[in-house]
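# Descriptive analysis of the structure
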Amino acid sequence: EAGVAQSPRYKIIEKRQSVAFWCNPISGHATLYWYQQILGQGPKLLIQFQNNGVVDDSQLPKDRFSAERLKGVDSTLKIQPAKLEDSAVYLCASSLDLGFGDTQYFGPGTRLTVL
Amino acid sequence: TQLLEQSPQFLSIQEGENLTVYCNSSSVFSSLQWYRQEPGEGPVLLVTVVTGGEVKKLKRLTFQFGDARKDSSLHITAAQPGDTGLYLCAGAQNTNAGKSTFGDGTTLTVKP
């Protein structure tokens, strides 16, 4: 079974530029998560989708971050414009359903460096 | 805000030693999960505990969920260099649609 795919793996941009990340979850997984993991910290949930609907985006900085999952499968996360403090690893995860404690499978992440 | 505090933040030991890392909160969780994350990879689930007082064993790893479901520990017996990594705990509440809150992790280094 293929895991969660993410691209690109690495991205370096200058502040105020835009960047987009792509995630393809495990086939059949209804729930998709985007996390931000700053160096030395645990993952922080940015947004959670159930199929193509948003379940939780309370910690998404909506003035600069946006995410979509149009067909309920793959998803993109965009930052526009980027700030220095956005340097982090962006992790995508998926789970079969929305049950609490449901197993989340993580992709390898995209490491973003903002100069 | 449900905070999970993990301790110690860093741990460096020799191969063969035993160790315990902790995950504490003032909040009650319906379930708690432990993950291991290696450099350049995403976290990988090790175990989920759901019952207060529950103990689960996974080879040399022993996980315990506190009676009050506010804390957990991970004990590793006879650590090996392959155990090196970032150990994260994550708590979920059944009122929160599957959302998990992660601690900041314990970075374990096992030297050969």
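As a reminder, the structure under discussion sits directly above these lines.
Rules and cut-offs
Residues numbered from 1 in each chain as written. Chains lettered and ligands numbered in written order. Predicted model: local features only at pLDDT ≥ 70, side-chain atom pairs only at ≥ 80, totals over all residues. Heavy atoms only, no water. Pairing = 2+ DSSP bridges. Helix = DSSP H or I, 4+ residues; strand = E, 2+ residues; numbered from the N terminus. Axes fitted to C-alpha atoms, helices over the stretch in contact; angles between N-to-C directions. Phe/Tyr/Trp six-rings, centres within 6.5 Å; stacked < 30°, edge-to-face > 60°.

## Observations concerning the sheet that holds strand β7 (residues 65–68) of chain A
Residues and elements named next belong to chain A. Read from one edge to the other, the open sheet built from four strands follows the order β1-β3-β8-β7, with strand pairing classed as antiparallel. Looking at which strands have only one partner, the edges of the open sheet turn out to be β1 (5–7) and β7. For this sheet the average axis-to-axis angle between neighbouring strands, irrespective of direction, equals 15 degrees. The sheet contact formed by strand β3 (residues 19–24) and strand β8 (residues 75–79) spans five bridges and is antiparallel. Looking at β8, one finds that Phe21 is bridged to Leu77.

## As for the packing of aromatic side chains
Counted by the stated rule, this structure contains eight aromatic pairs over all chains. Look at Phe106 of chain A and Tyr35 of chain B: their rings are 5.8 Å apart centre to centre, the planes differ by 90 degrees, and that puts the pair in the edge-to-face class. Taken together, the positions of Phe106 of chain A in strand β10 (residues 105–106) and Tyr35 of chain B in strand β4 (residues 31–37) put the pair across two chains. Three or more aromatic residues joined by ring pairs form one cluster here, namely Tyr33, Tyr35 and Phe106 of chain A together with Tyr35 and Phe102 of chain B.

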